[in-house]
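Here is how the chains run, residue by residue.
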Amino acid sequence: MEVDNSVVSYLQKQQQEAPGQLASYFSEFEDLYERKIWHQLTDKVEKFINIPEAAPYRISLYNEFVRDWQKHMNKVKLVLFALAAARQFDSSPAASQFMSEIAEEMDKPETQDAYALALLESAHFKLLLNDLDTTRETLEKCQSMIESFLHVDPVIHASFYRVCADYYKAKAAFGQYYKNALLLLACIDVQQLSAEDRVQRAYDLSIAALLSDTIYNFGDLLSHQILDSLRGTEHEWMVELLLAFNSGNIGKFEALVAKMHAQPLLAQQEAFLQQKIRLMALIESMFKRQGAGARTVPFSAISAETKLPTGEIEHLVMKALSLKLIRGKIDQVDQQVTVQWVQPRYLGKDQIRGLVDRLAQWEARVKETAQKMSQVSSEISAK
(Lines give C-alpha, C1' and ligand atoms only; values in the text may rest on other atoms or scores of the structure.)
Protein backbone atom coordinates (compact mmCIF):
# COMPACT_ATOMS: atom_id res chain seq x y z
CA MET A 1 0.00 0.00 0.00
CA GLU A 2 1.36 3.37 -1.06
CA VAL A 3 1.32 6.21 1.43
CA ASP A 4 -1.49 8.63 0.57
CA ASN A 5 -0.19 12.18 0.38
CA SER A 6 -3.61 13.60 1.33
CA VAL A 7 -3.54 11.54 4.54
CA VAL A 8 -0.05 12.79 5.37
CA SER A 9 -1.14 16.35 4.67
CA TYR A 10 -4.11 15.93 7.03
CA LEU A 11 -1.88 14.58 9.81
CA GLN A 12 0.69 17.34 9.38
CA LYS A 13 -2.01 20.00 9.44
CA GLN A 14 -3.37 18.60 12.72
CA GLN A 15 0.14 18.58 14.19
CA GLN A 16 0.28 22.32 13.59
CA GLU A 17 -3.25 23.17 14.76
CA ALA A 18 -4.00 20.74 17.62
CA PRO A 19 -3.04 21.45 21.26
CA GLY A 20 0.31 20.12 22.46
CA GLN A 21 -0.70 16.70 23.81
CA LEU A 22 -2.97 15.95 20.87
CA ALA A 23 -0.45 17.26 18.34
CA SER A 24 2.07 14.68 19.52
CA TYR A 25 -0.46 11.93 18.78
CA PHE A 26 -0.80 13.13 15.18
CA SER A 27 2.98 13.07 14.86
CA GLU A 28 3.06 9.46 16.05
CA PHE A 29 0.18 8.61 13.70
CA GLU A 30 2.22 9.88 10.76
CA ASP A 31 5.30 7.90 11.79
CA LEU A 32 3.42 4.61 12.27
CA TYR A 33 1.37 5.13 9.11
CA GLU A 34 4.44 5.72 6.93
CA ARG A 35 6.13 2.65 8.42
CA LYS A 36 2.91 0.61 7.98
CA ILE A 37 2.93 -0.65 11.58
CA TRP A 38 -0.81 -1.23 11.64
CA HIS A 39 -1.28 -2.98 15.00
CA GLN A 40 0.54 -0.30 16.96
CA LEU A 41 -1.22 2.38 14.93
CA THR A 42 -4.61 0.86 15.83
CA ASP A 43 -3.69 0.86 19.52
CA LYS A 44 -2.49 4.48 19.34
CA VAL A 45 -5.72 5.63 17.64
CA GLU A 46 -7.75 3.78 20.28
CA LYS A 47 -5.95 5.67 23.04
CA PHE A 48 -6.47 8.95 21.23
CA ILE A 49 -10.23 8.65 20.74
CA ASN A 50 -10.68 7.86 24.45
CA ILE A 51 -9.19 11.24 25.42
CA PRO A 52 -12.11 13.60 26.18
CA GLU A 53 -10.25 16.56 24.63
CA ALA A 54 -9.99 14.64 21.35
CA ALA A 55 -13.77 14.63 20.82
CA PRO A 56 -13.78 17.44 18.19
CA TYR A 57 -11.27 15.49 16.07
CA ARG A 58 -13.04 12.11 16.02
CA ILE A 59 -15.13 12.63 12.89
CA SER A 60 -12.32 14.00 10.75
CA LEU A 61 -9.86 11.42 12.10
CA TYR A 62 -12.16 8.62 11.01
CA ASN A 63 -13.03 10.05 7.60
CA GLU A 64 -9.63 11.50 6.67
CA PHE A 65 -7.30 8.97 8.25
CA VAL A 66 -8.76 5.70 9.54
CA ARG A 67 -10.73 5.03 6.36
CA ASP A 68 -7.51 4.95 4.37
CA TRP A 69 -6.01 1.92 6.13
CA GLN A 70 -9.10 0.22 7.59
CA LYS A 71 -8.45 -3.02 5.73
CA HIS A 72 -5.37 -3.57 7.88
CA MET A 73 -7.10 -3.37 11.26
CA ASN A 74 -9.32 -5.51 13.44
CA LYS A 75 -12.87 -4.85 12.24
CA VAL A 76 -14.39 -4.72 15.74
CA LYS A 77 -11.92 -1.93 16.52
CA LEU A 78 -12.91 -0.23 13.27
CA VAL A 79 -16.57 -0.22 14.32
CA LEU A 80 -15.60 1.26 17.69
CA PHE A 81 -13.69 4.05 15.93
CA ALA A 82 -16.74 4.70 13.74
CA LEU A 83 -18.94 4.75 16.83
CA ALA A 84 -16.68 7.34 18.48
CA ALA A 85 -17.17 9.51 15.40
CA ALA A 86 -20.94 8.90 15.28
CA ARG A 87 -21.32 10.12 18.86
CA GLN A 88 -20.04 13.51 17.75
CA PHE A 89 -22.77 13.96 15.14
CA ASP A 90 -25.24 16.76 15.69
CA SER A 91 -28.31 14.52 15.32
CA SER A 92 -29.31 10.96 16.22
CA PRO A 93 -30.81 10.29 12.75
CA ALA A 94 -27.47 11.13 11.09
CA ALA A 95 -25.57 8.99 13.63
CA SER A 96 -27.96 6.08 13.13
CA GLN A 97 -27.64 6.31 9.34
CA PHE A 98 -23.85 6.47 9.61
CA MET A 99 -23.71 3.33 11.78
CA SER A 100 -26.14 1.55 9.45
CA GLU A 101 -23.76 2.23 6.59
CA ILE A 102 -20.86 0.87 8.65
CA ALA A 103 -22.95 -2.24 9.38
CA GLU A 104 -23.50 -2.80 5.65
CA GLU A 105 -19.74 -2.65 5.09
CA MET A 106 -19.19 -5.24 7.82
CA ASP A 107 -21.85 -7.66 6.54
CA LYS A 108 -19.39 -10.25 5.26
CA PRO A 109 -18.92 -13.87 6.37
CA GLU A 110 -15.53 -13.14 7.95
CA THR A 111 -16.66 -10.05 9.90
CA GLN A 112 -20.01 -11.06 11.37
CA ASP A 113 -18.91 -10.05 14.87
CA ALA A 114 -18.19 -6.50 13.71
CA TYR A 115 -21.48 -6.55 11.79
CA ALA A 116 -23.40 -7.43 14.96
CA LEU A 117 -21.65 -4.65 16.90
CA ALA A 118 -22.44 -2.07 14.21
CA LEU A 119 -26.09 -3.20 14.09
CA LEU A 120 -26.38 -2.86 17.87
CA GLU A 121 -24.92 0.63 17.92
CA SER A 122 -27.14 1.71 15.06
CA ALA A 123 -30.11 0.34 17.02
CA HIS A 124 -29.05 2.37 20.04
CA PHE A 125 -29.34 5.57 18.06
CA LYS A 126 -32.74 4.44 16.80
CA LEU A 127 -33.74 3.88 20.42
CA LEU A 128 -32.85 7.50 21.14
CA LEU A 129 -35.36 8.34 18.40
CA ASN A 130 -37.95 6.20 20.22
CA ASP A 131 -38.01 3.62 17.42
CA LEU A 132 -38.70 0.73 19.79
CA ASP A 133 -39.90 -1.74 17.17
CA THR A 134 -36.74 -1.53 15.04
CA THR A 135 -34.61 -1.72 18.18
CA ARG A 136 -36.39 -4.88 19.33
CA GLU A 137 -36.01 -6.51 15.92
CA THR A 138 -32.30 -5.70 15.85
CA LEU A 139 -31.81 -7.06 19.36
CA GLU A 140 -33.51 -10.33 18.42
CA LYS A 141 -31.37 -10.63 15.28
CA CYS A 142 -28.14 -9.86 17.11
CA GLN A 143 -28.95 -12.25 19.96
CA SER A 144 -29.23 -15.11 17.45
CA MET A 145 -25.96 -14.06 15.82
CA ILE A 146 -24.08 -13.77 19.10
CA GLU A 147 -25.31 -17.18 20.27
CA SER A 148 -23.91 -18.70 17.07
CA PHE A 149 -20.39 -17.28 17.57
CA LEU A 150 -17.72 -19.57 18.99
CA HIS A 151 -16.03 -16.60 20.64
CA VAL A 152 -17.55 -13.24 21.51
CA ASP A 153 -15.49 -10.14 22.22
CA PRO A 154 -16.59 -8.68 25.60
CA VAL A 155 -17.21 -5.33 23.89
CA ILE A 156 -19.97 -6.98 21.80
CA HIS A 157 -21.61 -8.50 24.86
CA ALA A 158 -21.38 -5.12 26.58
CA SER A 159 -23.01 -3.39 23.62
CA PHE A 160 -25.80 -5.98 23.51
CA TYR A 161 -26.59 -5.73 27.22
CA ARG A 162 -26.40 -1.92 27.16
CA VAL A 163 -28.87 -1.62 24.29
CA CYS A 164 -31.10 -4.28 25.90
CA ALA A 165 -31.06 -2.44 29.22
CA ASP A 166 -31.88 0.91 27.63
CA TYR A 167 -34.65 -0.70 25.56
CA TYR A 168 -36.26 -2.23 28.64
CA LYS A 169 -35.85 1.06 30.50
CA ALA A 170 -37.83 2.77 27.74
CA LYS A 171 -40.47 0.03 28.07
CA ALA A 172 -40.52 0.37 31.88
CA ALA A 173 -39.82 -3.39 32.09
CA PHE A 174 -38.01 -3.15 35.43
CA GLY A 175 -37.05 -6.80 35.88
CA GLN A 176 -35.54 -7.12 32.41
CA TYR A 177 -33.73 -3.80 32.77
CA TYR A 178 -32.25 -4.93 36.10
CA LYS A 179 -31.01 -8.22 34.63
CA ASN A 180 -29.41 -6.71 31.52
CA ALA A 181 -27.92 -3.71 33.32
CA LEU A 182 -26.15 -6.02 35.79
CA LEU A 183 -24.90 -8.20 32.91
CA LEU A 184 -23.56 -5.04 31.27
CA LEU A 185 -21.62 -4.14 34.41
CA ALA A 186 -20.12 -7.65 34.41
CA CYS A 187 -18.68 -6.98 30.94
CA ILE A 188 -16.99 -3.64 31.59
CA ASP A 189 -14.66 -1.88 33.98
CA VAL A 190 -17.11 0.24 35.96
CA GLN A 191 -14.40 2.78 36.76
CA GLN A 192 -14.08 3.59 33.06
CA LEU A 193 -17.61 5.00 33.12
CA SER A 194 -17.88 8.70 33.84
CA ALA A 195 -18.95 9.66 37.36
CA GLU A 196 -22.25 10.90 35.95
CA ASP A 197 -22.87 7.60 34.12
CA ARG A 198 -22.08 5.58 37.25
CA VAL A 199 -24.57 7.57 39.33
CA GLN A 200 -27.27 7.29 36.66
CA ARG A 201 -26.77 3.54 36.25
CA ALA A 202 -26.83 2.96 40.02
CA TYR A 203 -29.95 5.09 40.36
CA ASP A 204 -31.74 3.29 37.52
CA LEU A 205 -30.80 -0.10 38.95
CA SER A 206 -32.13 0.92 42.36
CA ILE A 207 -35.45 2.04 40.87
CA ALA A 208 -35.72 -1.18 38.87
CA ALA A 209 -34.97 -3.38 41.91
CA LEU A 210 -37.63 -1.63 43.95
CA LEU A 211 -40.35 -1.54 41.30
CA SER A 212 -39.89 -4.97 39.73
CA ASP A 213 -42.56 -7.46 40.70
CA THR A 214 -40.09 -10.34 40.23
CA ILE A 215 -37.07 -9.12 42.22
CA TYR A 216 -37.14 -9.85 45.94
CA ASN A 217 -33.44 -10.51 46.38
CA PHE A 218 -31.22 -7.42 46.06
CA GLY A 219 -27.95 -9.23 46.71
CA ASP A 220 -26.44 -8.71 43.24
CA LEU A 221 -26.97 -4.96 43.50
CA LEU A 222 -26.18 -4.44 47.18
CA SER A 223 -22.85 -6.25 46.79
CA HIS A 224 -21.86 -4.36 43.61
CA GLN A 225 -19.46 -1.43 43.66
CA ILE A 226 -21.77 0.58 41.37
CA LEU A 227 -23.99 1.33 44.37
CA ASP A 228 -21.14 3.24 46.01
CA SER A 229 -21.62 5.86 43.27
CA LEU A 230 -24.73 7.09 45.08
CA ARG A 231 -22.82 7.86 48.28
CA GLY A 232 -22.45 11.57 48.79
CA THR A 233 -25.08 12.43 46.18
CA GLU A 234 -28.70 13.57 46.43
CA HIS A 235 -29.70 9.95 45.79
CA GLU A 236 -27.83 8.43 48.74
CA TRP A 237 -31.13 7.73 50.50
CA MET A 238 -31.85 5.15 47.79
CA VAL A 239 -29.15 2.91 49.28
CA GLU A 240 -30.87 3.11 52.68
CA LEU A 241 -34.19 2.29 51.03
CA LEU A 242 -32.71 -0.78 49.35
CA LEU A 243 -31.24 -1.93 52.66
CA ALA A 244 -34.60 -1.41 54.35
CA PHE A 245 -36.29 -3.62 51.76
CA ASN A 246 -33.55 -6.23 51.91
CA SER A 247 -34.02 -6.63 55.68
CA GLY A 248 -37.79 -6.16 55.60
CA ASN A 249 -37.46 -3.18 57.93
CA ILE A 250 -40.86 -1.47 57.74
CA GLY A 251 -39.85 1.26 60.19
CA LYS A 252 -36.92 2.39 58.01
CA PHE A 253 -39.15 2.20 54.95
CA GLU A 254 -41.78 4.45 56.53
CA ALA A 255 -39.09 6.94 57.56
CA LEU A 256 -38.10 7.28 53.88
CA VAL A 257 -41.63 7.60 52.44
CA ALA A 258 -41.35 11.39 52.29
CA LYS A 259 -38.25 11.14 50.09
CA MET A 260 -40.02 8.56 47.92
CA HIS A 261 -42.80 11.05 47.24
CA ALA A 262 -40.23 13.31 45.56
CA GLN A 263 -39.50 10.57 43.02
CA PRO A 264 -42.46 10.31 40.60
CA LEU A 265 -41.99 6.64 39.68
CA LEU A 266 -41.82 5.56 43.33
CA ALA A 267 -44.67 7.85 44.34
CA GLN A 268 -46.92 6.38 41.65
CA GLN A 269 -46.17 2.85 42.86
CA GLU A 270 -46.45 3.44 46.60
CA ALA A 271 -49.23 0.86 47.05
CA PHE A 272 -47.07 -1.77 45.34
CA LEU A 273 -44.05 -0.80 47.47
CA GLN A 274 -46.15 -1.05 50.64
CA GLN A 275 -47.03 -4.62 49.70
CA LYS A 276 -43.45 -5.45 48.67
CA ILE A 277 -41.92 -4.25 51.96
CA ARG A 278 -44.40 -6.44 53.85
CA LEU A 279 -43.50 -9.42 51.72
CA MET A 280 -39.84 -8.73 52.51
CA ALA A 281 -40.72 -8.45 56.20
CA LEU A 282 -42.48 -11.82 55.95
CA ILE A 283 -39.44 -13.41 54.30
CA GLU A 284 -37.14 -11.95 56.97
CA SER A 285 -39.44 -13.18 59.74
CA MET A 286 -39.52 -16.70 58.34
CA PHE A 287 -35.78 -16.70 57.67
CA LYS A 288 -35.04 -15.84 61.29
CA ARG A 289 -37.24 -18.69 62.47
CA GLN A 290 -35.66 -21.31 60.20
CA GLY A 291 -32.62 -21.76 62.40
CA ALA A 292 -34.58 -21.62 65.61
CA GLY A 293 -36.71 -24.62 64.72
CA ALA A 294 -39.95 -22.61 64.84
CA ARG A 295 -41.38 -23.39 61.41
CA THR A 296 -45.04 -22.97 62.33
CA VAL A 297 -46.01 -19.35 62.92
CA PRO A 298 -49.42 -18.01 63.98
CA PHE A 299 -51.10 -15.31 61.95
CA SER A 300 -50.95 -13.02 64.98
CA ALA A 301 -47.13 -13.10 65.03
CA ILE A 302 -46.93 -12.38 61.30
CA SER A 303 -49.44 -9.56 61.77
CA ALA A 304 -47.21 -7.92 64.38
CA GLU A 305 -44.09 -8.19 62.22
CA THR A 306 -45.66 -7.05 58.95
CA LYS A 307 -47.92 -4.39 60.52
CA LEU A 308 -50.96 -5.78 58.73
CA PRO A 309 -54.36 -6.72 60.18
CA THR A 310 -54.72 -10.44 60.91
CA GLY A 311 -57.42 -10.67 58.27
CA GLU A 312 -54.89 -9.75 55.53
CA ILE A 313 -52.19 -12.24 56.51
CA GLU A 314 -53.57 -15.16 54.53
CA HIS A 315 -53.53 -13.12 51.33
CA LEU A 316 -49.96 -11.94 52.04
CA VAL A 317 -48.74 -15.51 52.60
CA MET A 318 -50.53 -16.74 49.48
CA LYS A 319 -48.75 -14.00 47.51
CA ALA A 320 -45.40 -15.10 48.93
CA LEU A 321 -46.16 -18.72 48.04
CA SER A 322 -47.19 -17.81 44.48
CA LEU A 323 -43.97 -15.82 43.99
CA LYS A 324 -42.00 -18.82 45.34
CA LEU A 325 -40.47 -16.66 48.06
CA ILE A 326 -41.37 -19.37 50.58
CA ARG A 327 -42.63 -22.94 50.49
CA GLY A 328 -45.10 -24.23 53.00
CA LYS A 329 -48.80 -24.44 53.78
CA ILE A 330 -51.53 -22.39 55.40
CA ASP A 331 -53.76 -23.75 58.14
CA GLN A 332 -56.88 -21.61 57.88
CA VAL A 333 -58.58 -23.32 60.82
CA ASP A 334 -55.80 -22.77 63.34
CA GLN A 335 -54.72 -19.50 61.71
CA GLN A 336 -51.07 -20.44 61.25
CA VAL A 337 -48.45 -20.97 58.57
CA THR A 338 -45.92 -23.78 58.33
CA VAL A 339 -42.82 -22.95 56.28
CA GLN A 340 -40.36 -25.54 54.92
CA TRP A 341 -38.14 -23.25 52.83
CA VAL A 342 -37.29 -19.56 52.42
CA GLN A 343 -35.71 -17.99 49.33
CA PRO A 344 -31.92 -17.58 49.76
CA ARG A 345 -31.00 -13.96 50.24
CA TYR A 346 -28.27 -11.36 50.64
CA LEU A 347 -27.45 -10.75 54.29
CA GLY A 348 -26.48 -7.40 55.79
CA LYS A 349 -24.23 -7.15 58.85
CA ASP A 350 -27.12 -7.33 61.32
CA GLN A 351 -28.56 -10.34 59.50
CA ILE A 352 -25.18 -12.09 59.54
CA ARG A 353 -24.94 -11.51 63.29
CA GLY A 354 -28.40 -13.03 63.64
CA LEU A 355 -27.29 -16.02 61.56
CA VAL A 356 -24.26 -16.50 63.82
CA ASP A 357 -26.57 -16.52 66.85
CA ARG A 358 -28.80 -19.14 65.21
CA LEU A 359 -25.80 -21.29 64.37
CA ALA A 360 -24.73 -21.09 68.00
CA GLN A 361 -28.24 -22.17 69.05
CA TRP A 362 -28.11 -25.04 66.57
CA GLU A 363 -24.70 -26.12 67.91
CA ALA A 364 -26.07 -26.08 71.46
CA ARG A 365 -29.04 -28.25 70.43
CA VAL A 366 -26.75 -30.71 68.66
CA LYS A 367 -24.57 -31.02 71.77
CA GLU A 368 -27.65 -31.48 73.95
CA THR A 369 -28.96 -34.21 71.64
CA ALA A 370 -25.56 -35.93 71.59
CA GLN A 371 -25.45 -35.93 75.40
CA LYS A 372 -28.92 -37.44 75.63
CA MET A 373 -28.02 -40.13 73.11
CA SER A 374 -24.85 -40.86 75.06
CA GLN A 375 -26.84 -41.24 78.28
CA VAL A 376 -29.36 -43.56 76.63
CA SER A 377 -26.56 -45.59 75.12
CA SER A 378 -24.89 -45.95 78.54
CA GLU A 379 -28.17 -47.08 80.12
CA ILE A 380 -28.71 -49.68 77.42
CA SER A 381 -25.16 -50.98 77.85
CA ALA A 382 -25.67 -51.21 81.62
CA LYS A 383 -28.69 -53.47 81.10
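Our subject is the structure that appears above.
Residues numbered from 1 in each chain as written. Predicted model: local features only at pLDDT ≥ 70, side-chain atom pairs only at ≥ 80, totals over all residues. Heavy atoms only, no water.

> Which parts of the structure should I look at to understand the sheet that holds strand 2 (residues 326-331)?
Within a sheet, each strand pairs with its neighbour through backbone hydrogen bonds, oriented either parallel or antiparallel. The strand order across the open sheet formed by three strands is 1-3-2, and the pairing between neighbours is antiparallel. Strands with a single pairing partner mark the edges of an open sheet, and in this sheet they are strand 1 (296-298) and strand 2. The mean inter-strand angle of the sheet, taken between neighbouring strand axes irrespective of direction, is 25°. In the sheet, strand 1 pairs with strand 3 (residues 336-342) via three bridges, with the strands oriented antiparallel. Considered in strand 3, the bridge of Val-297 is made with Val-337. Against the sheet, helix 18 (residues 299-306) touches strand 1, strand 2 and strand 3, its axis set at about 70° to strand 1. Against the sheet, helix 19 (residues 313-322) touches strand 2 and strand 3, its axis set at about 150° to strand 2. (Pairing = 2+ DSSP bridges. Helix = DSSP H or I, 4+ residues; strand = E, 2+ residues; numbered from the N terminus. Axes fitted to C-alpha atoms, helices over the stretch in contact; angles between N-to-C directions. Contact = heavy atoms within 4.5 Å.)

> Hey, could you run me through helix 8 (residues 132-148) in this one?
The periodicity of an α-helix, 3.6 residues per turn, causes residues three or four places apart in sequence to face the same way. The end-to-end C-alpha distance of helix 8 is 25 Å, a good match for the 24 Å that 17 residues give at a rise of 1.5 Å each. Those residues of helix 8 not exposed but buried are Thr-135, Thr-138, Leu-139, Cys-142, Met-145 and Ile-146. Looking straight down helix 8, one finds its buried side chains confined to an arc of 130°; they lie on one side. Looking at helix 8, the residues exposed on the side facing more than 90 degrees away from the buried face are Asp-133, Glu-147 and Ser-148. (Expected span 1.5 Å × (residues − 1). Buried < 20%, exposed > 50% of the residue type's maximum accessible area, 1.4 Å probe, protein only. Arc of directions from axis to C-beta.)

> What's the story with the packing of aromatic side chains in this structure? I'm lost.
To describe a pair of aromatic rings, one takes the distance between the centres and the angle between the planes. Scanning the model with the defined rule gives 18 aromatic pairs in all. Taken together, a centroid distance of 5.3 Å and an interplanar angle of 70° make the contact between Phe-26 and Phe-48 edge-to-face. With a gap of 22 residues between them, Phe-26 in helix 2 (residues 20-35) and Phe-48 in helix 3 (residues 38-49) connect regions that are remote in the sequence. Given a relative accessible area of 0%, Phe-26 falls into the buried group. Among the residues examined, Phe-48 registers a relative accessible area of 0% and is labelled buried. With a centroid separation of 5.2 Å and an interplanar angle of 70°, the aromatic rings of Tyr-167 and Tyr-168 are classed as edge-to-face. Three or more aromatic residues link up through ring pairs in this structure, and these residues are Tyr-10, Tyr-25, Phe-26, Phe-29, Tyr-33, Trp-38, Phe-48, Tyr-57, Phe-65 and Trp-69. The ring of Tyr-216 has Lys-276 sitting right over it, with the charged end atom 5.0 Å from the ring centre. (Phe/Tyr/Trp six-rings, centres within 6.5 Å; stacked < 30°, edge-to-face > 60°. Lys NZ or Arg CZ within 6 Å of the ring centre and 35° of its normal.)

> Looking at this model, I keep getting lost on the pairing of strand 2. Mind explaining?
Both faces of the sheet carry side chains from a regular strand, because those side chains alternate between them. Judged from the six bridges that link them, strand 2 and strand 3 form a sheet pairing that is antiparallel. Opposite Gly-328, over in strand 3, you have Val-339 as the bridge partner. What sits between strand 2 and strand 3 in their antiparallel hairpin is a turn of four residues, with Gln-335 showing a positive phi close to 55°.

> Looking at this structure, how should I read the layout of surface pockets?
Unoccupied space between atoms shows up once a probe the size of one water molecule is rolled over them. Within this model, the largest pocket holds a volume of roughly 1500 Å³. Together, 38 residues line the largest pocket, and Asn-50, Arg-87, Arg-162, Gln-192 and Leu-193 are the ones closest to its centre. With seven residues, the top contributor of residues to the lining of the largest pocket is helix 9 (residues 154-170). Considering only residue class, the lining of the largest pocket consists of 16 nonpolar, eight polar and 14 charged. (1 Å grid on protein atoms, 1.4 Å probe; cavity = no way out; pocket = protein on both sides within 12 Å on 5 of 7 lines; lining within 4 Å. Points joined across faces, edges and corners; volume = space filled by probe spheres on them. Nonpolar A, V, L, I, M, F, W, Y, C, P; charged D, E, K, R; others polar.)

> Could you clarify how one ought to interpret the nonpolar core in this entry?
Note on soluble globular proteins: their nonpolar side chains tend to be buried together. Counting residues in each nonpolar core, the largest one holds 64 residues, and the members touching the most others are Phe-29, Val-45, Phe-48, Leu-61, Phe-65 and Val-66. Setting aside residues no more than four positions away along its own chain, Phe-29 makes contact with Leu-11, Leu-41, Lys-44, Val-45, Phe-48, Leu-61 and Phe-65. Listed in part, the 59 residues of the second largest apolar core include Ile-250, Leu-308, Ile-326 and Val-337. (Core = buried A, V, L, I, M, F, W, Y, C linked by side-chain atoms within 4.5 Å.)

> Please clarify how the environment of Glu-236 should be interpreted in this entry.
Assignment of secondary structure puts Glu-236 in the loop between helix 12 (219-222) and helix 13 (237-246). Given a relative accessible area of 31%, Glu-236 falls into the partly exposed group. For Glu-236, the contacting residues outside a window of four places in its chain are Leu-230 and Arg-231.

> Help me understand unusual backbone geometry in this model?
A negative phi holds for most residues other than glycine; trans holds for most peptide bonds. Located in the positive-phi region is Asn-130, a residue other than glycine, with phi close to 65°. Residue Asn-130 is classed as exposed on the basis of its relative accessible area, which comes to 59%.

> What is the right way to read the state of the cysteines from this model?
Two cysteines whose sulfur atoms are joined by a covalent bond form what is called a disulfide. Applying the stated rule across the entire model yields zero disulfides. There is no disulfide at Cys-164, and the cysteine sulfur nearest it, in Cys-142, is 9.2 Å away. With no disulfide partner, Cys-187 has as its closest neighbouring cysteine sulfur the one in Cys-164, 11 Å distant. Take Cys-187: its relative accessible area is 24%, and that puts it in the partly exposed class. (Disulfide = S-S within 2.5 Å.)

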